[in-house]
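Here are the chains, one letter per residue:
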Amino acid sequence: MTSATAAFPETGGGRSGTFLKFAEWQLALPLALAFASIFLAPLLMLVGVSFFNDDKITELGFAQWVKFLGDPFSYKVVADTMLLGVKTMAATVLIGYPLALVYLDATPRLQKVLIFIIVMPLLLSVVVRTFAWIVVLGHEGVINQLFLSLGLISEPSRLLQTELGLVISLTQIEMPLMLLPLISVMSRLDPNMRDASAALGASRWRTLFTVIVPLSMPGLVAGCLLVFASSTTAFISQTVIGGVRLIYLPLLIWQQSLVVFNWPLAAVASLTLLVSVLSVVSALSYLGRRSSGYMHG
Amino acid sequence: MFSRRSLLAGATALGGASLLPTIAYAKGSVVAATYPGTWEDAYRGIVAPALKKKDDIDLELQPLFAVDQIAKAKAARGAPPFDAFVLDPGPRITGIEGGLFDKFDGKKLSNASKLPAGMIDDWGVCVNAQVVGIAYNPKKVPAPKGWKDLLTDPWVSRLGITGFQTTFGTVSLIEIAKVFGGSETNIDPALVELKKVLSKVAAVGQPAAMPSLFQQGQCDVMYTNTQTVATLKSKGVDIDFVKPETGAVAFFTTLHLAKGTTEAENAYKYCDIVAGKEVQEALTKPPYNFIPVNKDVALPDYLPMKSLDEMSSYVRHDWAKINPLRAGWIEKFNKEMAK
């Protein structure tokens, strides 16, 4: 129940019900107008621009769509972009979920410290975080120096400008987006559930996989959704840490819109990115709804 | 306790008072685009105070790369978001062809006679030179002689390259193509040769990231301009500049008036002050390290030339020929270099 409906209890239709709907509609109007002007209108313009054949935007046609969709390289770039999102998502789940469990069992004081550590990356500019990773992953960076001094490697490994390095850095950069919804959902779980599971003879692992994981699924799905959308569109991290040999859709869009000024082709690439990300996000949302249904029977 | 009326009156008075300094002092302003980083710092630290002191004009800077300036001006469609551009040769041609500039009257510059011939045309004024060559870490690798060396050992395994997104990247790749039989309009030989050694190349990065990659030891050789070398050197980085045996590349950075600007007179004064001896001399010094074009200003010691005249022997490029090919080159570079 929204705050508006809470203030005006539902009476089962009639004039009062109509008034409630009207009041809600009025409350939502400023936001709807803002969305229409700053999101929907540019989106429609983007769709319109994609249907021009030339970079001077004078001749209508499908030439840019044909060019983009007819080039096998475009499919490779789209697949690589989606795969990057999936890999980052998987890494944040693998590292983030145990961390959320630690948070759950921590004392209130330790929880405060953990929350500060989790939120800290969000307080730094993405540019600073990204350039910090150059120092960590570089040829003479922290990791290589450490491994060299321990004798684990004989010469510096190439971590920067590799997909592995990019996934490592994106995992750290995107981690708060996974942890915050996860912790929010897990904190609301009834502790008696775990005790009940243990009392009924379930091991800790069985309790984790049959009680905690299913109940925390909405938070997990929300985190995955945010991490996927954010990592597939992380232009700065992708280009600075990944370099220009790892080509993802944001780099392609930037090149076409700001270097060669071919806005129709940039619009085609942007819409492809939008549709690709929305498809995965919709699938995740569907999973989230399914798990929510499981939770509430 | 304040009444609502007295609070409103107080707020109005405060608001009005905040306008007073503007009314009393500001005689004009100009909004100029400038490159982010060193250029922005230099223009904020040197040009803005000089313009205020001489002409009482407030300079508002918009830090934007050349391509971003063109994109913004194109998107603005007749309502320029700034009064003056600062551009390299490629975007300059794009701006001229796109009708983004007002015609430029060199007679309005009091410093016009202090600039070498050809520095002012119908579209703008040259205010700085840029020299592109090879930078290397003398403690890690020997000095390369020319572009060809970059693709051989020991340099290739420590080489950092960028694509065609920037002026310096484009001209360097053209010069590499030339030594392998290519030309200003045929860069294929460069891509063929680069592909052969691609697995050895230390870094293929975004232009803006290259100084950081060099500083962090990710690469020890790269193509860049003298300004980047001087700036890194001033930060204690081991770096030296080499003029390739086939010649260093030279080009000029130009200022232009945005089409339809309402502050044309102030924009001319801004261009004039940038071309003047006082500002050019200050911009030449560390940490800014610009190459001056004013004849009264001596060239810094670290440059590979002793006078501006010497630059006429440097390699120059015809951007009217390059611009139409650049989109295709970027596409080729993406495909050839992609992992």
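Rules behind the numbers
Position numbers for residues count from 1 along each chain, tracking the sequence in the order it is written. Starting at A for chains and at 1 for ligands, labels are handed out in the order in which the entities are written. Local features are withheld for residues below a pLDDT of 70 in this predicted model, meaning they are given only at 70 or higher, and side-chain atom pairs are given and counted only at 80 or more; totals for whole chains, interfaces and linings count all residues. Numbering goes from the N terminus for both helices and strands, where a helix is a DSSP run of H or I of at least four residues and a strand is a run of E of at least two. With C-beta atoms placed from the backbone, the exposure class of a residue follows from how many other C-beta atoms lie within 10 Å of its own: 20 or more, buried; 12 or fewer, exposed; in between, partly exposed. The contact criterion used is a C-beta to C-beta distance within 7 Å, with each C-beta placed from the backbone. Note that domain bounds follow an automatic or database assignment of domains. Under the grouping applied here, Gly and all other residues not named as nonpolar or charged are polar, the nonpolar ones being Ala, Val, Leu, Ile, Met, Phe, Trp, Tyr, Cys and Pro and the charged ones Asp, Glu, Lys and Arg. Here a nonpolar core is just a set of buried residues of the types Ala, Val, Leu, Ile, Met, Phe, Trp, Tyr and Cys, joined wherever their C-beta atoms sit within 7 Å.

Moving on, we get to the overall build of chain A. Per the secondary structure count, chain A includes 14 helices and zero strands. N-terminal to C-terminal, the α/β element order of chain A is α-α-α-α-α-α-α-α-α-α-α-α-α-α. Here the C-alpha coordinates of chain A stretch approximately 75 × 65 × 30 Å along the principal axes. Across the 297 residues that make up chain A, the buried fraction comes to 31%. For chain A, contacts bridging at least 24 residues in sequence account for 70% of all contacts bridging at least 6.

Let us now look at the overall build of chain B. Helix and strand content of chain B: 11 helices and nine strands. A principal-axis box enclosing the C-alpha atoms of chain B has dimensions of 80 × 55 × 40 Å. Considering chain B as a whole, with its 339 residues, one finds that 46% of them fall into the buried category. Across chain B, the fraction of contacts at a sequence separation of at least 24, relative to all contacts at a separation of at least 6, is 74%.

All names here are of chain B. For chain B, the assigned domains read domain 1 (8–129 + 251–313) and domain 2 (130–250 + 317–337). Between the C-alpha centres of domain 1 and domain 2 the distance comes to 28 Å. With 19 residues of domain 1 at the contact, the number on the domain 2 side is 19 residues. When contributions to the side of domain 1 that touches domain 2 are tallied by element, the ones reaching two or more residues are α4 (89–97), β4 (125–136) and β9 (249–257). Looking at the side of domain 1 that touches domain 2, the element that brings in the most residues is α4, giving four residues. Class assignment for the residues of the side of domain 1 that touches domain 2 results in 12 nonpolar, six polar and one charged.

Here we take up the environment of isoleucine 161 of chain B. All names here are of chain B. By the element assignment, isoleucine 161 lies in strand β5 (residues 159–161). Assessed through the 27 C-beta atoms surrounding it within 10 Å, isoleucine 161 is described here as buried. A C-alpha to C-alpha distance of 24 Å links isoleucine 161 and tyrosine 288, two positions 127 residues apart in sequence.

Now for the domain arrangement of chain A. Accessible area lost when the parts come together is the quantity often used to give the size of an interface. All names here are of chain A. Once the domains are mapped, chain A shows domain 1 (1–50) and domain 2 (63–295). On the side of domain 2, eight residues touch domain 1, which itself brings four residues to the contact. Looking at the side of domain 1 that touches domain 2 residue by residue, the classes come out as three nonpolar, one polar and no charged.

Core analysis: the largest hydrophobic core is formed by 131 residues, its most contacted members being Ala269 of chain A together with Ala32, Ala84, Val125, Tyr270, Cys271 and Val274 of chain B. Ignoring sequence-local partners within four residues, the contact set of alanine 32 of chain B consists of Leu59, Leu61, Phe82, Asp83, Ala84 and Tyr270 of chain B.

Attention now moves to the interface of chain B and chain A. Contact with chain B, which involves 25 residues of that partner, is made by 24 residues of chain A. Contributing elements (two or more residues each) for the side of chain B that touches chain A: α3 (66–76), β6 (203–204), α7 (210–215) and α11 (319–337) of chain B. Top element by residues in the side of chain B that touches chain A is α11 of chain B. It accounts for six residues. Each residue belonging to the side of chain B that touches chain A can be placed in one class, and the counts come to 11 nonpolar, nine polar and five charged.

Residue and element names in this part refer to chain B. Cis geometry is adopted by the peptide bond preceding proline 154, which originates at aspartate 153 and carries an omega value of 5°. Following proline 286, the chain continues into proline 287 via a peptide bond in cis, with omega recorded as 5°. Inspection of the secondary structure assignment puts proline 287 in the loop between α10 (277–284) and α11. In the Ramachandran plot, aspartate 56 falls in the positive-phi region, its phi being about 60° despite a non-glycine side chain. Secondary-structure assignment places aspartate 56 in the loop between α2 (38–55) and β2 (58–63).

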